[in-house]
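# Overview (structure and organization)
This is what each chain is made of:
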Amino acid sequence: MIATAAGSQLMLRMLAPFVWRSADKVASKLEGFAATEAGSALDMLKAAELTDDPKLRWLFFRHAMDEARHARMFREAARALAPDARATASEYNLIHARRQNLFSRMPLIEFIAFVYLAERRGELQFRALKTHFRGQAELEALFARIGKDERFHVAYSHKLLKTWRAEGQSLAVTRALWKVRGVRAWEAWRRSGRILGDVTSRLTLGTMYLVVLPIFVLLARVFDPPTPGWKRRPSPPSTLAAARRQF
Amino acid sequence: MIVLGISAFFHDAAAALLVDGVVVAAAQEERFTRLKHDAALPVNAARFCLEQAGVTIAQVDHVVFYEKPLRKFERILVTHLREFPRSLPQFSRALATWLGKRLWSKGELCAALGCTTEQLLFCEHHLSHAASAFFSSPFQSAAVITVDGVGEWATTSIYRGSSGPDGSKLELLEELHFPHSIGLLYSALTAYLGFEVNDGEYKVMGLSAYGEPRFLDRLEQLCAIGDDGALTLDEKFFCFQRHPTRSFTPALEALLGPARVPGAALHLPARDEEDRRFADIAASLQKLTERYLLALSHRAKALTFERNLALAGGVALNCVANRHLQTHGPFEQLFVQPAAGDAGGSLGAAQWATHVLHGLPRVAAMRHAFLGAAYAPTEIARFLTDCRVAYHAFDSRADLVDEVARLLSEQQVGGWFQGRFEWGPRALGARSIIADARDPKAQDRVNRKIKFRESFRPFAPAVLAEEAARWFDVSPTDQLAPFMCSVVPVRPETRERLPAITHVDGTARVQVVHAEDNPAFHALVDAFRRRTGVGVLLNTSMNLKDEPLCASPAEAYAVFARSELDFLVLENCLIERRPS
């Protein structure tokens, strides 16, 4: 489930030449896709483990395997484009791919609504990218192959939502779809807030470092100089009172 | 008495639960979140431990965190003062992390685990390590050495542990303080060699066997090892104290040559001078580490006069150095707990509260590492049926192991999933990928097509206890052998028969399998021995490159589906790959 796409396919096509302007940028974006797909595979695998419904379990498991395969395909394509420069980021991203535990956090209808919207966005994005990379056989084939899987994911999640609508849960499905859209917008807002907060806190702490710390630097250097070698001190006290202390 | 130990916020978060001194459950958080080396509060691991014991958090007497957060914060602040103004880039990042979360550990722990502040205790970092080594060992008294990157201030500590009718004691004798740390030096050179810190150290160890220690004299310029075993780093080569992402300075590159670009091709045996240089630096680092640990063990012997040594901390996972200590050190026996790194701190913190703080007697030494979650065969069968996976369920273990031994003897490679998963980083026959140790192509095949990892990394053997001395130079009383914590020489006369597990230097990181501790895996290796005359299997962890070890059947099947494993055994169910 690629979660970074935004806007219509037309917008994607217009933006593609800027976003994917060099081999290094392409590799970097592919690495990002790989990490997202790896995280998504973890979520779908967990969903397959947790659900009691045999049909859903099969669908989720197949979906998880697809996502894991996509992660590897994206990563291999990125490495082929920029073998050295991206290697660290690649390994780091895959090691640190995050599961969001969506299946445990969301009711089933909402989970499927999330899958549907995310996969639809991903499918649109890959279709645009397939067009953008026309003439570059390997990348075109990559997006075509993965896009095909994404279409299956869109189809099964859409069918599930349609079935529930037909069973009289139309309101619940509509509500879930809007809720997921709302949550996504809220999370995007929070992400930007975090970035802003991060920059602000670094600036504040950096200023504090330069203004406040120098007073203490001299004290630390005069009264507490680092000394190598063995240190002896009493064993930590074995009392409950001492154990409750954080120092 | 019920005590829950917790380690978190740096790397390898974990939880361990003791009931009346018995380790009921222990697991790393990464097994549940699938995030390798996950440092987050181990909520899932703690929940698993409580469920395994059938208790609630309210019934727990103490929740013990494995370090003293405020003392660690003090070290961070003082280091920044000492490094002023060069520590500016690191300062805002470190402070943001601390002010955002770590400084409020008490509240975070209570909120996440649902415990009260009255239940919550804090144990020093190195004391947690020391407790995990000593109380898991079979020794009633021992010298205890802890060596890791850094805890609060300590980087290396020497304790004396003793247990008797009056209770147990861990007496701190000496410690070295930050930044003088062999663990940090090893990590800095791990980064220099192009591997990820806190993950790639064992790759450096594997790489070292391909090189010659011709850079040893240059590495000796990085640090001085005193006659008393004290290590002093020359700080001009390192910047982990002040830099957020780099751990070594240009001075190190001036001394050793340019650092390896992460992910760059590395061919071993060496194809060019660069490959040779990196392998030789790794070999030199390994030699330096061994020399240092030996000096340290002599210091510990001189301070304690003990016969046995318990070793803990991340550096204790260096099984080549452990072997060096076993064969050249002044102690008769050595014990290393299987999760010797930070994960093991959770176990040690709980053991310290139980045995030292409350004086409960020790129950038994750790004989196996199967402390994780298990999955019922019925649950597995249902999962496979739902996922439309064809499988064959065996009614008896004898039939299952016979069939698996047959597949292995035909040079097939498979996954072996049985019982509770392992505590610590090693697969010991519960979540293992197994192959025929006689197959010369097995190592390359498993590296390239199954685990997708570097070709130079060796594989470990699992050998029947009854057969161990026939194939390896291993003592029957070796305390490290059941946990794969040491390497041993493969007997020269048998090396040609075990090409898949014999490393380039003629050694192997052996696991000795005892029937009483590991019955299913023992039965399998024994079935293989009956069929082939060789009671040895290649045994590696069931995961793909850069992933944590599998925990659940779904994760095991995901490994099978994404790799070229020939078969997978999930408890009594055998899944074979159909020709595509």
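Predicted, not measured: the structure shown is a model, and the values here were computed from it. (Residues numbered from 1 in each chain as written. Chains lettered and ligands numbered in written order. Predicted model: local features only at pLDDT ≥ 70, side-chain atom pairs only at ≥ 80, totals over all residues.)

## Here's the deal with the overall build of chain A
Convention followed: A run of H or I in DSSP counts as a helix once it spans at least four residues, and a run of E counts as a strand once it spans at least two, with each numbered from the N terminus. Exposure classification rests on a simple neighbour count of other C-beta atoms within 10 Å of a residue's own: a residue reaching 20 or more is buried, one at 12 or fewer is exposed, and one in between is partly exposed. C-beta atoms are placed from the backbone. A residue pair is marked as a contact if its C-beta atoms, positioned from the backbone, fall within 7 Å.
Of the regular secondary structure elements, chain A holds 9 helices and 0 strands. The helix and strand sequence of chain A, counted from the amino end, reads α-α-α-α-α-α-α-α-α. Residues counted as buried form 34% of the 247 residues belonging to chain A. Pairs at least 24 residues apart make up 74% of the contacts formed inside chain A by residues separated by at least 6 positions.

## Things to note about the overall build of chain B
Convention followed: Based on C-alpha atoms, the radius of gyration is set beside the globule rule, defined as 2.2 Å times the residue count to the power 0.38.
Scanning chain B from terminus to terminus reveals 19 helices and 22 strands. The C-alpha atoms of chain B give a radius of gyration of 23 Å, which matches the 25 Å a tight globule of 580 residues would have. Dimensions of chain B along its principal axes, counting C-alpha atoms only, are 65 × 60 × 45 Å. Burial statistics for chain B: of 580 residues in total, 59% are counted as buried. Taking the contacts inside chain B whose residues are at least 6 apart along the sequence as the reference set, 73% of them involve residues at least 24 apart.

## Things to note about the environment of Ala40 of chain B
All names here are of chain B. When you line up the elements, Ala40 lands in the loop between helix H1 (30-33) and helix H2 (43-53). Looking at Ala40, the number of C-beta atoms within 10 Å reads 15, which means it is partly exposed. Spatially, the C-alpha atom of Ala40 lies 8.5 Å from that of Asp12, the residues being 28 residues apart in sequence. Those residues in contact with Ala40 that sit more than four places away from it in its chain are Ala8, Ala13 and Glu29.

## Some details on the confidence of the model for chain B
Which entries qualify depends on this criterion: On a scale of 0 to 100, pLDDT captures the predictor's confidence in every residue.
Per-residue confidence for chain B gives a mean pLDDT of 94, with 100% of residues at or over 70. Our summary of model confidence lists the complex with pTM equal to 0.91 and ipTM equal to 0.87.

## Focus on the sheet that holds strand S19 (residues 511-513) of chain B
All names here are of chain B. What counts here: DSSP-based pairing: two strands are paired if at least 2 bridges between them are found. Axis definition: a line fitted to C-alpha atoms, limited for helices to the stretch in contact. Angles are taken between N-to-C directions and run from 0 to 180 degrees.
Spatial ordering of the open sheet is given by S13-S22-S21-S14-S15-S20-S16-S19, a layout of 8 strands whose pairing is mixed. Because the sheet does not close on itself, it has two edges, and the strands there are strand S13 (392-393) and S19. Strands in contact with helix H15 (residues 397-409) are strand S14 (414-417), strand S15 (431-436), strand S20 (536-541), strand S21 (567-570) and strand S22 (573-576); relative to S15, the strand with the most contacts, it is inclined by about 55°.

## Focus on the domain arrangement of chain B
Many authors give the size of an interface as the accessible area that is lost as the parts come together. Residue and element names in this part refer to chain B. Where we set the bar: The source of the domain bounds is an automatic or database domain assignment. Any residue that is not Ala, Val, Leu, Ile, Met, Phe, Trp, Tyr, Cys, Pro, Asp, Glu, Lys or Arg is counted as polar, Gly included; the first ten are nonpolar and the last four charged.
Once the domains are mapped, chain B shows domain 1 (2-135 + 339-357), domain 2 (182-333) and domain 3 (377-576). Using C-alpha coordinates to define each centre, domain 1 is positioned 27 Å away from domain 2. Mapped by element, the contributors of at least two residues to the side of domain 1 that touches domain 2 are helix H4 (88-100), helix H6 (125-136) and helix H13 (342-357). The class makeup of the residues in the side of domain 1 that touches domain 2 is 5 nonpolar, 9 polar and 4 charged.

## A word on the packing of helix H3 (residues 54-81) of chain A against helix H19 (residues 553-562) of chain B
As a reminder of what qualifies: Angle categories are assigned with fixed cut-offs, so that under 35 degrees is roughly parallel, over 145 is roughly antiparallel, 65 to 115 is roughly perpendicular, and the rest are oblique. Less than a right angle of anticlockwise turn of the near helix away from the far helix marks a crossing as left-handed, whereas a clockwise turn marks it as right-handed.
It is the contact of H3 of chain A with H19 of chain B, at a shortest axis distance of 11 Å, that shows an interaxial angle of 50°. With respect to H19 of chain B, the axis of H3 of chain A lies oblique. Between H3 of chain A and H19 of chain B lies a crossing of right-handed hand. In contact with Ala64, Met65, Ala68 and Arg69 of chain A of H3 of chain A, H19 of chain B contributes Ala558, Ala561 and Arg562 of chain B.

## With respect to the sheet that holds strand S7 (residues 154-164) of chain B
All names here are of chain B. One open sheet holds the 5 strands; their spatial order is S8-S7-S6-S11-S12, and the pairing between them is mixed. At either margin of the open sheet sits one strand with a lone partner, and together these are strand S8 (167-177) and strand S12 (333-336). Going across the sheet, the axis of each strand differs from the next one's by a mean of 20°, ignoring polarity. In terms of strand pairing, S7 meets S8 through 10 bridges, oriented antiparallel. Its bridge partner being in S8, Gly161 is matched across the sheet by Leu170.

## Topic: the interface of chain A and chain B
Taken together, the contacts link 50 residues of chain A with 51 residues of chain B. Taken together, the residues of the side of chain A that touches chain B break down into 27 nonpolar, 8 polar and 15 charged.

## Some details on the environment of Glu410 of chain B
Within the secondary structure, Glu410 of chain B sits in the loop between H15 and S14. Expressed as a C-alpha distance, the spacing of Glu410 of chain B and Asp439 of chain B, which sit 29 residues apart in the sequence, is 9.4 Å.

## Quick look at the pairing of S21 of chain B
All names here are of chain B. Of the strand pairs in this sheet, S14 and S21 are connected by 4 bridges, and their pairing is parallel. The partner of Gly415 across the bridge, within S21, is Leu568. Direction of pairing for S21 relative to S22: antiparallel, over a ladder of 4 bridges. By the bridge assignment for S22, Leu568 is matched with Ile575.

## Describing H13 of chain B
How we decide: Take the number of residues in a helix, subtract one, and multiply by 1.5 Å to get its expected span.
In a regular helix each residue adds 1.5 Å, so 16 residues correspond to 22 Å; H13 of chain B covers 21 Å between its end C-alpha atoms and thus fits that length. H13 of chain B sits mainly inside the fold: 16 of its 16 residues count as buried.

## Observations concerning the pairing of S15 of chain B
All names here are of chain B. Across the 6 residues that make up S15, a large majority, 6, are buried. For S14 and S15, the ladder comprises 4 bridges, and the chain directions are antiparallel. The residue bridging Phe417 from the neighbouring strand is Arg431, located in S15. Bridge count for S15 against S20 is 5 bridges, and the pairing is antiparallel.

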